[in-house]
Amino acid sequence: MIRRFLYNFFQGRNGFDNLARFTWILTIVFLLLSFFGGIFGFIMQTLALLLLVYTWWRVCSRNVYKRSQENSRYLTRTAGIRMKFRDLKTRYAQRREYKFFTCPTCHTLLRVPKGKGKITITCRKCGNRFSGKT
Ligand SMILES: [Zn+2]
């Protein structure tokens, strides 16, 4: 019954998109920071409240077209940062088997098996060669 209600409620509404997830996480961060108290805590609390309202306003919005435009704008703007995070995750997961290098010319992340000594690395993107220790 609750499920049916939720289904009907979110029908035709924007729902939880990437931007909503991001503002939701920010809300929680501000809320946690508000526990420091004082004027700082008060500002954090206010920001958390504003973000909470904003997040749910977007989630419940019926103007799905406009909301999805905001969402894709958010995704485009944060593409670089999100890629860096993904790189960090990959590096961490494969840190035992591989050594990672960044091409000095085009900054592409390159992966080389560990334990091969000093080698010449050729960038797969721009063809630049440089040496590194694995
Ligand atoms: Zn390169």
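Only a predicted model underlies this, so the values are computations on that prediction, with no experimental measurement involved. (Residues numbered from 1 in each chain as written. Predicted model: local features only at pLDDT ≥ 70, side-chain atom pairs only at ≥ 80, totals over all residues. Heavy atoms only, no water.)

A. Representation of helix 2 (residues 18-33) within the structure. For helix 2, built from 16 residues, the straight-helix expectation of 22 Å at 1.5 Å per residue is met to within 8% by its first-to-last C-alpha distance of 23 Å. Buried residues of helix 2: Leu19, Ala20, Thr23, Thr27 and Phe30, and no others. Along the axis of helix 2, the buried positions cluster into a sector of 95°, meaning they face one direction only. Turned more than 90 degrees away from the buried face of helix 2 sit Ile25 and Leu32, all of them exposed. Of the surrounding elements, those touching the buried residues of helix 2 are helix 3 (38-60) and helix 4 (64-77). (Helix = DSSP H or I, 4+ residues; strand = E, 2+ residues; numbered from the N terminus. Expected span 1.5 Å × (residues − 1). Buried < 20%, exposed > 50% of the residue type's maximum accessible area, 1.4 Å probe, protein only. Arc of directions from axis to C-beta. Contact = heavy atoms within 4.5 Å.)

B. Summary view of the coordination of the zinc ion. Binding of the zinc ion to the protein goes through Cys103 (SG), Cys106 (SG), Cys123 (SG) and Cys126 (SG), at separations of 2.2 to 2.3 Å. Residue cysteine 106 is classed as partly exposed on the basis of its relative accessible area, which comes to 26%. (Donors = N, O, S within 2.8 Å, 3.2 Å for Na, K, Ca; no water.)

C. Focus on the pattern of salt bridges. Within the structure shown, the criterion is met by three salt bridges. Note that arginine 58 is salt-bridged to glutamate 70, the shortest N-O span being 2.7 Å. Here glutamate 70 lies in helix 4 and arginine 58 lies in helix 3, a separation of 12 residues in the sequence. In this structure, arginine 58 and glutamate 70 share a single accessibility class: buried. Here the salt bridges share partners, and the residues they tie into one network are Asp17, Arg58, Arg67 and Glu70. (Salt bridge = Lys/Arg side-chain N within 4 Å of Asp/Glu carboxyl O.)

Everything listed here is a matter of coordinates, which is why it stays silent on function.
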